[in-house]
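This is what each chain is made of:
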Amino acid sequence: MRKVFIIVTLICLNSLNAVAQGWTFEREGIEYVIELPSATWRVVSRVDLHEHVDFVNGKNEANGYLRPTKILVDVDTTAANLFQKDEKWNLQHLPGYVLCSDCSGEAFRGHLSGATFSYEYTSRGRTVSGRVYYLQIDKRTFYALRFTVDQDKLRGLREQMDFIARSFRLK
């Protein structure tokens, strides 16, 4: 019994240490807040018609990349509908992408609820894992948190992805 208590205590301390090393992203003009689990996550700007905020784990996108996107939808749209649309218009055009056979997704809960979907494709001869968290704000609004990471680094990053998605909230 004492060994179990010690192990549980060490796990809790390790978890607190991981959270203590993280940081909170909040910026004027951005309607959301994200907790990032470590100082290695940094903000990068992406510009198309507007400036957008993305996040990279370390100096290389292969170590983890996050692109948050706000999506306005019809009232009865589900996360599965969003993924099917993403798959049809964006994902299936990626090299080596395999069509989703079960596109129902997994339920996900954090500050916001939704569903998550995983996929794979190839880039520069390497397998890339993608994971999208569709978080529902209201009946007409979702946020998609689109993560990509090299397949061989996914195991170490999966908990961080879940942590970030659970922390995502509106101001």
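Overview of the structure.

## Describing the sheet that holds strand S10 (residues 169-170)
Next, step 1: In spatial order, the strands read S1-S2-S10; together these 3 strands make up an open sheet with antiparallel pairing. For this open sheet the edge positions go to strand S1 (23-25) and S10, each flanked by a neighbour on one side alone.
Next, step 2: Examined bridge by bridge, strand S2 (residues 32-36) and S10 share 2 bridges and lie antiparallel to one another. Among the inter-strand pairings, Val33 is bridged to a residue of S10, identified as Arg169.
Next, step 3: In this fold helix H3 (residues 154-167) packs onto S2 and S10, with an angle of close to 150° to the strand it touches most, S2.

## Here's the deal with the pairing of strand S6 (residues 106-109)
Next, step 1: Pairing between S6 and strand S7 (residues 113-123): 4 bridges, direction antiparallel. Each bridged residue has a counterpart across the sheet, and for Phe108 the counterpart in S7 is Gly114.
Next, step 2: What sits between S6 and S7 in their antiparallel hairpin is a turn of 3 residues.

## Digging into the nonpolar core
Proteins that are soluble and globular tend to have nonpolar side chains buried together.
Next, step 1: If you look at the biggest cluster of nonpolar residues, it comprises 22 residues, and the most contacted ones within it are Tyr32 and Phe55.
Next, step 2: Excluding anything up to four places from it in sequence, Tyr32 contacts Phe25, Val53, Phe55, Pro68, Tyr143, Phe168, Arg169, Leu170 and Lys171.

What counts, and where the lines are drawn
Residues numbered from 1 in each chain as written. Predicted model: local features only at pLDDT ≥ 70, side-chain atom pairs only at ≥ 80, totals over all residues. Heavy atoms only, no water. Pairing = 2+ DSSP bridges. Helix = DSSP H or I, 4+ residues; strand = E, 2+ residues; numbered from the N terminus. Contact = heavy atoms within 4.5 Å. Axes fitted to C-alpha atoms, helices over the stretch in contact; angles between N-to-C directions. Core = buried A, V, L, I, M, F, W, Y, C linked by side-chain atoms within 4.5 Å. Buried < 20%, exposed > 50% of the residue type's maximum accessible area, 1.4 Å probe, protein only.

No statement about biological role is implied by the geometric values presented.
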